[in-house]
Structures are given as structure tokens and as C-alpha cells.
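A structural walkthrough
If you want the building blocks of each chain, they are given just below.
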Amino acid sequence: MPDLDELDKARRSGMAEEIEVGMGNLKVASSPDKLVARGIGSCLVITFYDPRLHMGALAHTMLPDSRKAESMSLPAKYAGNAIEIMIEKMTAMGSRLYDIEAKIVGGANMFPNIEHENAVTMIGEENIETVKKTKRRGHQAGGRGRGR
Amino acid sequence: MVGNEFTRLEQDALREVGFIAAGHASRALSELVGESVNVRVPLARVTSLEKIQKILGGPEALVTGIYLPITGDLGGSVLMLFPKKTGLLLADVVQKRGKGTTKKLDDMDKSALKEVGNIISGNCLTALSKFLGLKLIEHVPDLTCDMLNAVMDYVIVKFGQHAEEALVIEIEFNIRRIKIPGYFLLLFGLKDAGIILKSLKKKLAEHSGGK
């Protein structure tokens, strides 16, 4: 367990930082710092948390996978790639794959009545599907998968 | 157009498109609510889509967004954004209720606001279509009330599938007496921006040739 007094002290002394993760970006941070993504619609936020190291990663992804477009200037634009980068970064910092708890947030259909753009409106759901698939791959590799 | 940058002249031409759109949009809005409407076209620019979010307060600001796709010769989007409070006020105005009556948008209010979006963009797109000589088809709008970021990310994702930047024509309007500020955004992919410029150039050539 983290030393709560220690964390509280860090927070009060202003040492704890709130790190904004913008669209298409991905950040890793350790407690007491916080990773935040605000106002999520059809974007999909993926969070990893390692309770052993009090360390986490957050990816603010926009699209399901990178096959549909060519440009790759944003690291976490695509949910599929983002998970791989997150795993890479977390394990590089000492995380064990089976300790990581994963959660996903978002994937809404903001304008459900726009029929004309089915391809776009389905993105939220497609994002969720891609992440679930990629997560499942992780579980087979031995992940405990406490995520929802 | 060199790369993703427009020349000064092209920017001006696109801004002119914005002015025409703004003129018709504001006249439609003004007739609809029976109040005078101020408009400003601060920008017609190619921008990274993440930057649009900065315009209406923070990412968590509550807004009412009316969205509709454009097809035809151009593929694009219209997005109208009101801060939550002014969305409610606008509902009061179009439903002919006392100012400040609406506390929450019900289905009728939403439908009325969608109609507002429909009329405004219909006027604006008809004018643009005539001016540019391009066929523009307007689709049925939809409305959502959410945080600004959540509304924007839909549009950003739509354009983000193909490119990271888009042409954004930003029109700021204000219903003067009742202080209803809002944004009317016309968004086109870069390929479509190229089509707009091409038809502008053609028009210009015809014009100077006729003299």
C-alpha cells in the first residue's frame, strides 16, 4: 500500500502534479502525480495502473487502429498501437505484465441520429472492440485482467 | 497551396467564403428570433483540430452542439456551439417563452434548436453553393449537450481519420439584445479546401475575363 500520509504531504506541498493528457497522447506517471483526460466523447481513454509500483499510464485514443490512415504523428491516436506502447513503457519501468490493472472509459456515440455517417458514429464502439481484443491478447499472455 | 499552408491570397479568399456564409447565417438567425444579430468572421484557417477546442472556454465547459454533415461536391461539417446557458436562452426565444424559463432542454426544445441549426446552415450553404458553383447537400442535424471536448472529439475524429488538420471557418455570432453568443463552424478536409479554392480561382478568372 502507498504511504497515504506521504502522498497527502506531497499533494499539499504542491509536489503532486496534474498531468493533462490531450487527444492522441499518452503519458506515464507515478503517485502522487495524477494523469487526467477531460471531456471524453467518442474518444477512448485507456488506463493502466500498477498497484505494486504506484505507477500508471493513460492513453487518450481517437481511432480504433492504424490501418485506415497513414499519418502517425500522434503516438496514441490509435487504440491498438497505444496499448502496445503503454505496455512497453510500463514494463521498461519495472512493471510486471500480470500486475497491471486496465480500464477503459469513453467510446460514446455523440450524435446517434446522424445516419449518413454510420462509419464515423460507429467509431466509439469500434474503439471499444479494438481495445477489448488487444486486452484479451494480453490476458492470454498471462495478465490477471482486473479491468472492466 | 504549398503543402498544408495557404497563401495570403488564398486565406483571404477563404475568409470571403466565411463572410458570405456568416452574412446568410446571421440573416436567417435574425429573422428566426426577431432580434438583430452581430457576426464576426475572425478566422478561416487550416488548423490542427485539437486547437479548435480552446475557443469556448475549457474542455469541460458545458455546451449545446448542433452538428450536420455536408456532402455533394464537398465533404464537410457544420457545427454550431452554444455555451449551455445561451443554449437554454435560445430555446426560450424560439419557443416564445420568458427569458430564463428553460432550465433543461426537453425533446421539443432540442427539436426546435435542431431546426434553428437546419435553417441557419441551409441558408448559409445555399448561398455558398451558389457562390462557389458547387453542389452542397445538407443532412439532417443532430443535437447533443455535453462537455465541449466530448462534442468536439466527434468532429475531430471524423476529420482525423484522414488528416490531422482541417480548414476551419469560424463564425462568431451574438444576438445583441439578449446576449446570445455562439459559434458556427464550417469544417472541410484539406482536399475539399483545395476544391473550394479551385472554384474560387475559376470564378475570379471569369470575372476578370469578362471586363
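A short tour of the structure in this document, coming up. (Residues numbered from 1 in each chain as written. Chains lettered and ligands numbered in written order. Predicted model: local features only at pLDDT ≥ 70, side-chain atom pairs only at ≥ 80, totals over all residues. Heavy atoms only, no water.)

Let us look at the overall build of chain B. Scanning chain B from N- to C-terminus turns up 5 helices and 7 strands. Helices and strands appear in chain B in the N-to-C order α-β-β-β-α-α-β-β-α-β-β-α. Here chain B holds 211 residues, and the buried ones make up 53% of them. The long-range share in chain B, meaning contacts at least 24 apart out of those at least 6 apart in sequence, stands at 72%. Surface accessibility of chain B: about 9,600 Å² in total, with carbon and sulfur atoms responsible for 55%. (Helix = DSSP H or I, 4+ residues; strand = E, 2+ residues; numbered from the N terminus. Buried < 20%, exposed > 50% of the residue type's maximum accessible area, 1.4 Å probe, protein only. Contact = heavy atoms within 4.5 Å. Areas by Shrake-Rupley, 256 points an atom, 1.4 Å probe, with all protein chains shown as cover.)

The next point concerns the overall build of chain A. In terms of regular secondary structure, chain A is built from 4 helices and 6 strands. The 148 residues of chain A split such that 43% are buried. Nonlocal contacts in chain A, meaning residues at least 24 apart in sequence, comprise 58% of its contacts between residues at least 6 apart. Accessible surface, chain A: about 7,900 Å² in total, of which carbon and sulfur atoms supply 52%.

Here the structure, examined in full by the defined rule, presents 3 aromatic pairs over all chains. Arranged with centres 5.1 Å apart and planes meeting at 75°, the rings of Phe111(A) and Tyr154(B) form a pair that is edge-to-face. Placement of the pair is Phe111(A) in the loop between strand 6 (101-106) and helix 3 (118-121) and Tyr154(B) in helix 4 (residues 148-160), with the two residues belonging to separate chains. Take Phe111(A) and Tyr154(B): they sit in the same class, and that class is buried. Seen from their ring centres, Tyr67(B) and Tyr154(B) are 5.1 Å apart, and the 75° between their planes marks the pair as edge-to-face. Of this pair, Tyr67(B) sits in strand 2 (residues 62-72) while Tyr154(B) sits in helix 4, and the two are 87 residues apart along the sequence. Residues Tyr67(B) and Tyr154(B) agree in their burial class; the two are buried. Taken together, the aromatic side chains of Phe111(A), Tyr67(B) and Tyr154(B) make up a single cluster linked through ring pairs. (Phe/Tyr/Trp six-rings, centres within 6.5 Å; stacked < 30°, edge-to-face > 60°.)

Time to look at the pattern of salt bridges. The full count for this structure, using the stated rule, is 9 salt bridges over all chains. In this structure, Glu18(A) engages Arg38(A) in a salt bridge whose closest nitrogen and oxygen atoms are separated by 3.0 Å. One end of the pair, Glu18(A), is in strand 1 (residues 18-20); the other, Arg38(A), is in the loop between strand 3 (34-36) and strand 4 (44-50), with 20 residues separating them in the sequence. Between Arg52(A) and Asp99(A) there is a salt bridge, with its nearest N and O atoms 3.0 Å apart. With Arg52(A) in the loop between strand 4 and strand 5 (55-61) and Asp99(A) in the loop between helix 2 (79-92) and strand 6, this residue pair connects regions lying 47 residues apart in the sequence. Judged by relative accessible area, Asp99(A) falls into the buried class, the value being 9%. Residues joined by salt bridges that share partners form a network here, namely Glu18(A), Glu20(A), Arg38(A) and Glu60(B). (Salt bridge = Lys/Arg side-chain N within 4 Å of Asp/Glu carboxyl O.)

Attention now goes to the side chain of Asp153(B). By the element assignment, Asp153(B) lies in helix 4. Arg38(A) provides the closest opposite charge to the buried, salt-bridge-free Asp153(B), at an N-O distance of 13 Å. Excluding residues that lie within four positions of it along the chain, Asp153(B) makes contacts with Met23(A), Gly39(A), Ile40(A), Gly41(A), Ser42(A) and Cys43(A). (Lys, Arg positive; Asp, Glu negative; His and termini not counted.)

In short, the description is geometric, and any link to function would need to be established separately.
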